[in-house]
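# Working through the structure, step by step
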Amino acid sequence: MKYIVRAVKYFIWFILILTIVMLIMAVLGLVEPDPDLMFREGWKSIWQIAILFGIVAALYPMFGFRKQEAIVPGEYPQVRDEVVSYMESRGYELETEENQIMTFRLHSKVSRIAKMLEDRVTFIKVPEGFEVEGLRKDIIRLISGLEYKLNNER
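The rules behind the values
- Residues numbered from 1 in each chain as written.
- Predicted model: local features only at pLDDT ≥ 70, side-chain atom pairs only at ≥ 80, totals over all residues.
- Heavy atoms only, no water.
- Axes fitted to C-alpha atoms, helices over the stretch in contact; angles between N-to-C directions.
- Helix = DSSP H or I, 4+ residues; strand = E, 2+ residues; numbered from the N terminus.
- Parallel < 35°, antiparallel > 145°, perpendicular 65-115°, else oblique.
- Left-handed = near helix turned anticlockwise from the far one by under 90°.
- Contact = heavy atoms within 4.5 Å.
- Nonpolar A, V, L, I, M, F, W, Y, C, P; charged D, E, K, R; others polar.
- Pairing = 2+ DSSP bridges.

To continue, consider the packing of helix 1 (residues 2-27) against helix 3 (residues 43-64). At a closest axis distance of 8 Å, the pairing of helix 1 and helix 3 adopts a crossing angle of 140°. By the angle class used here, helix 1 and helix 3 are oblique. When the axes of helix 1 and helix 3 are compared, the crossing they make is right-handed. Here Tyr3, Arg6, Ala7, Tyr10, Phe11, Phe14, Ile15 and Leu18 of helix 1 come into contact with helix 3, specifically with Ile49, Ala50, Phe53, Gly54, Val56, Ala57, Ala58, Leu59, Tyr60, Pro61 and Met62. In terms of residue class, the contact of helix 1 with helix 3 is built from 17 nonpolar, one polar and one charged.

Here it is in structure tokens:
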């Protein structure tokens, strides 16, 4: 279900961006405001663009989100405070914590909206460290920094 919700969000986001760009171009007089004149094939082009956006939006959650393991030696009570401190230094706040599973959200409302409210990062304790789940680009950056910080401090 989460996958479908993400795909719909991205589809709406793509359509919104295209609409804003086309409105700006029409207001500036760069294109005619009539879709029949704006696009080579008129309204048919709009449906083609919508189908293309639908395909991209349907595939993006598959590639944009992932789970990856962070190698952080130590027991949960030992590393928990260090992980929370690291995440807070990166602009995240602890949202929930139970059964050695921590979820973080961005503290800044603007950053949350910019990520379409898909800013949640989940840390699940595993024997080697943590399994981290979230936006691909965010978790790669966070895991790299976390491993560097915690493994070099020891």
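The strand order across the open sheet formed by five strands is 1-5-4-3-2, and the pairing between neighbours is antiparallel. On the outer flanks of this sheet lie strand 1 (65-71) and strand 2 (92-98), each paired with one strand and no other. Shown here is a sheet whose adjacent strand axes are inclined to one another by a mean of 25°, direction ignored. Relative to strand 4 (residues 121-126), strand 3 (residues 101-106) is paired through four bridges, and the arrangement is antiparallel.

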